Each structure stands twice: as structure tokens, then as C-alpha cells.
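# Observations on chain architecture
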Amino acid sequence: MARTEEFLMDLDEGMLAYFREMAQEMVTRFGISRAEAVARINGAYADREFAPYPDLICHELPEYWGYGLYFRANAGRLPDDDPDTDLSVWEVRPAPARGSAAWTVAE
């Protein structure tokens with residue numbers, strides 16, 4: 001397990017790939033920068049420990065966690081990847097403050 005320059009958690013190669021996929025899903029689905037996606041992941045998970053791949057978090061696909069990092073839950077639910085879902089009605093969580101330790105990737 002090792003720490004990378006982008007993520008603040010110690011991750012093995014499998015978990016590193018998992019978190020990179022989570023970041024890419026947010027970039028693709030929500031149109032945010034990779035730097036912001038990585039910052040959102042770091043902001044949420046920097047203090048957590050992960051087992052080697054597949055950690056328990058892997059019981060859900062990376063996009064599931066990406067939705068939770070990007071949107072606030074509404075009545076305990078998050079939007080899903082149904083193409084008919086109107087994402088404009090969902091409240092976006094604020095990204096970590098710029099300049100915080102969560103921002104490890106340049107824009």
C-alpha cells in the first residue's frame with residue numbers, strides 16, 4: 001500500500017484504480033475538472049483506511065460513490081445513472097475549499 005501524489009489515502013494498485021475510476025466518473029457525468037473530482041474524494045476519504053482491493057467500499061460501483069460525493073441526498077436517496085434522471089433538481093455539495101490539502105491535482 002502506498003500513498004500517491006493525487007490521493008491522500010494509502011492504496012494498493014487495485015484501490016488506486018478504483019478511486020481513479022470514481023474520479024473519472026465524476027468528470028464524465030458531472031462535467032467537473034479532474035482536480036475537483038480528486039479533491040472531493042480526498043475531502044471525503046483522506047482519514048480513512050482501505051484494505052487491499054477489493055475493500056468493502058467496492059461492493060458498490062465507483063459511480064455510486066461519485067454521486068454521493070457530488071450531490072446531497074434528498075430524503076435519504078441519491079440520484080442514479082438512469083439516463084432519464086433530471087440531475088438539475090439535485091443539490092450539489094460544495095467542493096472542498098480551494099487551497100485545502102484535498103486539492104492535490106493542478107487544474
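For the structure itself, look to the data block above.
As the structure is a prediction and not an experimental result, all values here were calculated from the model. (Residues numbered from 1 in each chain as written. Predicted model: local features only at pLDDT ≥ 70, side-chain atom pairs only at ≥ 80, totals over all residues. Heavy atoms only, no water.)

### Side note on the overall build of the chain
Defined as follows: Numbered from the N terminus, helices here are DSSP runs of H or I no shorter than four residues, and strands are runs of E no shorter than two. Only C-alpha atoms enter the radius of gyration, while the globule expectation follows 2.2 Å times N to the 0.38, with N the number of residues. Think of it in three bands: with a 1.4 Å probe and only protein chains considered, a residue is buried below 20% of the maximum accessible area for its type, exposed above 50%, and partly exposed in between.
Scanning the chain for helices and strands turns up 3 helices and 2 strands. In the chain, the succession of α and β elements from N to C terminus is β-β-α-α-α. A compact globule built from 107 residues would reach a C-alpha radius of gyration of about 13 Å, and the chain, at 14 Å, matches this within 12%. The dimensions of the chain, computed from C-alpha atoms along their principal axes, are 40 × 30 × 20 Å. The buried share of the chain, taken over its 107 residues, is 37%.

### Some details on the packing of helix α2 (residues 34–45) against helix α3 (residues 62–70)
Just so we agree on the cut-off: Here, axes are lines fitted to C-alpha atoms. For helices the fit covers the stretch in contact, and angles between N-to-C directions go from 0 to 180 degrees. If an angle is under 35 degrees, it is roughly parallel; if it is over 145, roughly antiparallel; if it lies from 65 to 115, roughly perpendicular; otherwise it is oblique. Throughout, a contact is declared for two residues whenever any of their heavy atoms are within 4.5 Å. Gly falls in the polar group here, along with every residue not listed as nonpolar (Ala, Val, Leu, Ile, Met, Phe, Trp, Tyr, Cys, Pro) or charged (Asp, Glu, Lys, Arg).
One way to put it is that α2 packs onto α3 with a least axis distance of 10 Å and a crossing angle of 85°. It follows that α2 is roughly perpendicular to α3 by the angle criterion. Along its contact with α2, which presents Glu36, Arg40, Ile41, Ala44 and Tyr45, the element α3 presents Trp65, Leu69 and Tyr70. By residue class, the composition of the contact of α2 with α3 is 6 nonpolar, no polar and 2 charged.

### Some words on the nonpolar core
The test is simple: Buried residues of nine kinds, namely Ala, Val, Leu, Ile, Met, Phe, Trp, Tyr and Cys, make up a nonpolar core once their side-chain atoms join them within 4.5 Å.
Formed by 24 residues in total, the largest nonpolar core has its most connected members in Phe19, Ile41 and Tyr45. Those elements that place two or more of their residues in this core are α1 (13–30), α2 and α3. Here this core takes 8 residues from α1, the largest share from any one element. In this structure Tyr45 touches Met9, Phe19, Met22, Phe50, Ile57, Trp65 and Leu69, once residues within four positions along its chain are discounted.

### What about α1?
Quick note on the threshold: The span expected for a helix works out to 1.5 Å for each residue beyond the first.
In a regular helix each residue adds 1.5 Å, so 18 residues correspond to 26 Å; α1 covers 26 Å between its end C-alpha atoms and thus fits that length. At its buried positions, α1 is contacted by β2 (10–11), α2 and α3. Residue Gly31 follows α1 closely and has a positive phi angle near 70°.

### Remarks on the side chain of Asp55
Keep this limit in mind: Just so you know, the count uses Lys and Arg for positive and Asp and Glu for negative, and it drops His and the chain ends. By definition, a salt bridge exists where a carboxyl oxygen of Asp or Glu is found within 4 Å of a side-chain nitrogen of Lys or Arg. In protein, a polar contact means a hydrogen-donor-capable atom and an acceptor-capable atom, both N or O and within 3.5 Å, with residues adjacent in sequence counting only if both atoms are side-chain atoms; elsewhere, any N or O pair within 3.5 Å suffices.
In this fold, Asp55 is placed in the loop between α2 and α3. No salt bridge is formed by the buried Asp55; the nearest opposite charge belongs to Arg48, separated by 8.3 Å. Polar contacts involving the side chain of Asp55 include one to the main-chain amide nitrogen of Ile57, which spans 3.0 Å. Excluding anything up to four places from it in sequence, Asp55 contacts Met15 and Phe50.

Worth remembering: the numbers are spatial, not functional.
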